[in-house]
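The primary structure of each chain is shown beneath.
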There are 2 protein chains.
Amino acid sequence: MEFSSILLEGAVTELARLPGVGRKTALRLALHLLRQDAGAAEALGNAIINLRRGIRYCSVCHNISETEVCPICASELRDRSTVCVVENVKDVMIFENTGQYTGLYHVLGGLISPVDGIGPGNLQIDSLVERVRAGGVDEVILALSATMEGDTTNFYIYRRLRETGVRVTQLARGVSVGNEIEYTDEVTLGRSLLDRVDYK
Amino acid sequence: MEFSSILLEGAVTELARLPGVGRKTALRLALHLLRQDAGAAEALGNAIINLRRGIRYCSVCHNISETEVCPICASELRDRSTVCVVENVKDVMIFENTGQYTGLYHVLGGLISPVDGIGPGNLQIDSLVERVRAGGVDEVILALSATMEGDTTNFYIYRRLRETGVRVTQLARGVSVGNEIEYTDEVTLGRSLLDRVDYK
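Just so you know, these numbers come straight off a predicted model, no measurement behind them.

### Looking at the relation of the copies chain A and chain B
Next up, step 1: When chain A is fitted to chain B, the residual RMSD is 0.1 Å, and the transformation amounts to a turn of 180 degrees plus an axial shift of 0.0 Å. One copy is carried onto the other by what is essentially a two-fold rotation axis. By C-alpha distance to the rotation axis, the residue of chain A lying nearest is Gly45 of chain A, at 1.9 Å.
Next up, step 2: Both copies present the same face, since 100% of the interface residues in chain A are matched by interface residues at the equivalent positions in chain B.

This is the structure:
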């Protein structure tokens, strides 16, 4: 579809670069913005620009941060002896929202996936090993997705950390809370049997 | 979900104001922008701000324009005696893309819909009547959606224009090109029978 306006064309092109947004959706969004108060478009535009300008990555855990070291790494209230390894920034938020974790994080920035051309060198694995070697860390919790890529990455990190002698744990795998046995897949059921724990 | 960063929180809040974008999608978009080059976020933010700042509405037809009078209204090549009445800016683009229309447009900015609190006073109907009264217009084509609101608006405009003596036409209604009779609804079929035209 051709647009009569260069400004509209520009906005649609940029909006259509967002994941899951095609040109039709982008046009709908652009026309929506035109119907709003001028302030709404300014606020959105500035929020996007400021986001990218203002946010950097924590030099310790690689989580997003507005400061050199993120608030979690800088906090005196967190247990500094435990490091939870997660795939990405969103996972940090998810674990924080459980309210169950008081340690620190380490954000890999992805999972090892040869198909997608992502090797260990593309991830923050070297910096994790260095962090453990620097001392003060007693336990590394591998909290990656229970997928092929997650398992591969778990195993690679486990091997890299073995020489440091640090305790390496991973998330329990089993029947999800609220799930019925009937609809749980066999691999998960088999794993939950192997990893069974004392009833308490 | 709580975010550790005020900038991220701001961007997610603003993105989530877009139609069809919830907070989860907004977070996905924001994290996507963080993964891109700095230029990508700047370009998107600026495109949005410039769009709203630079675009105004044509003083004649109320289509979006970067100038006082839009390129269509200003063009010497268009048939100035025919005015096509459409619901919104997007419809202008759709008709322009058919390549079948060489006249001018008049954008109402919506349809009469008492349920949504939209009356004739909220639409560019007075300015249409003035435009016709000013002379030079021989035909007004009502090109609104074939819905209850479209029909209501058609009828209202028709009555307002009756006194001016201008010819008022509306889009043909019938079986859509490519549609099978079997799957065409009865109202449309009935209408297409009533409005049948000589075979040529």
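More follows now that the structure is in view.
### Examining the layout of surface pockets
In this approach the atoms are scanned with a rolling probe the size of a water molecule, which exposes any empty space left behind.
Next up, step 1: For the largest pocket, the calculated volume is near 530 Å³.
Next up, step 2: Looking at the largest pocket, it is lined by 21 residues, and the ones nearest its centre are Arg35 of chain A together with Tyr57, Asn88, Val89 and Gly109 of chain B.
Next up, step 3: Elements that contribute at least two residues to the lining of the largest pocket include exactly α2 (23-35) of chain A together with α5 (89-98) of chain B.
Next up, step 4: Per-element accounting of the lining of the largest pocket gives the leading share, 5 residues, to α2 of chain A.
Next up, step 5: Along the lines of polarity and charge, the residues of the lining of the largest pocket split into 8 nonpolar, 8 polar and 5 charged.
Next up, step 6: Counted as a void, the second largest pocket has a volume near 420 Å³.
Next up, step 7: Together, 17 residues line the second largest pocket, and Tyr57, Asn88, Val89 and Gly109 of chain A together with Arg35 of chain B are the ones closest to its centre.
Next up, step 8: In terms of residues, the lining of the second largest pocket owes the most to one element, helix α2 (residues 23-35) of chain B, which gives 4 residues.
Next up, step 9: When the residues that make up the lining of the second largest pocket are grouped by side-chain class, the tally is 7 nonpolar, 6 polar and 4 charged.

### Regarding the interface of chain A and chain B
Next up, step 1: Every contact between the two is made by 51 residues of chain A and, on the other side, 52 residues of chain B.
Next up, step 2: Roughly 4800 Å² of surface becomes buried between chain A and chain B when both sides are summed, with 72% attributable to carbon and sulfur atoms.
Next up, step 3: Put simply, chain A and chain B have 2 salt bridges between them.
Next up, step 4: At the boundary of chain A with chain B, the tally comes to 12 residue pairs in polar contact (both at pLDDT 80 or more).
Next up, step 5: At the level of secondary structure, the elements contributing two or more residues to the side of chain A that touches chain B comprise α1 (6-15), α2, α3 (38-54) and α5 (89-98) of chain A.
Next up, step 6: Looking at which element gives the most residues to the side of chain A that touches chain B, the answer is α3 of chain A, with 16 residues.

### Some remarks on the pattern of salt bridges
Residue and element names in this part refer to chain B.
Next up, step 1: One pass over the full model with this rule turns up 20 salt bridges over all chains.
Next up, step 2: For Glu68, the salt bridge goes to Arg56, with nearest N and O atoms at 3.6 Å. Here Glu68 is found in the loop between β2 (64-65) and α4 (71-74), whereas its partner Arg56 is found in strand β1 (residues 56-57), with 12 residues between them in sequence.
Next up, step 3: By relative accessible area, Arg56 is classed as partly exposed at 42%.
Next up, step 4: Asp195 is the salt-bridge partner of Arg191, the closest N and O atoms lying 3.2 Å from each other.
Next up, step 5: By relative accessible area, which is 39% here, Asp195 ends up partly exposed.

Cut-off values and rules
- Residues numbered from 1 in each chain as written.
- Chains lettered and ligands numbered in written order.
- Predicted model: local features only at pLDDT ≥ 70, side-chain atom pairs only at ≥ 80, totals over all residues.
- Heavy atoms only, no water.
- Least-squares fit on C-alpha atoms with pLDDT ≥ 70 in both.
- Contact = heavy atoms within 4.5 Å.
- 1 Å grid on protein atoms, 1.4 Å probe; cavity = no way out; pocket = protein on both sides within 12 Å on 5 of 7 lines; lining within 4 Å.
- Points joined across faces, edges and corners; volume = space filled by probe spheres on them.
- Helix = DSSP H or I, 4+ residues; strand = E, 2+ residues; numbered from the N terminus.
- Nonpolar A, V, L, I, M, F, W, Y, C, P; charged D, E, K, R; others polar.
- Buried area = accessible area lost by both parts, 1.4 Å probe.
- Salt bridge = Lys/Arg side-chain N within 4 Å of Asp/Glu carboxyl O.
- Polar contact = N/O pair within 3.5 Å; in protein donor to acceptor, adjacent residues only side chain to side chain.
- Buried < 20%, exposed > 50% of the residue type's maximum accessible area, 1.4 Å probe, protein only.

Functional significance is not addressed by these values, which are geometric in nature.
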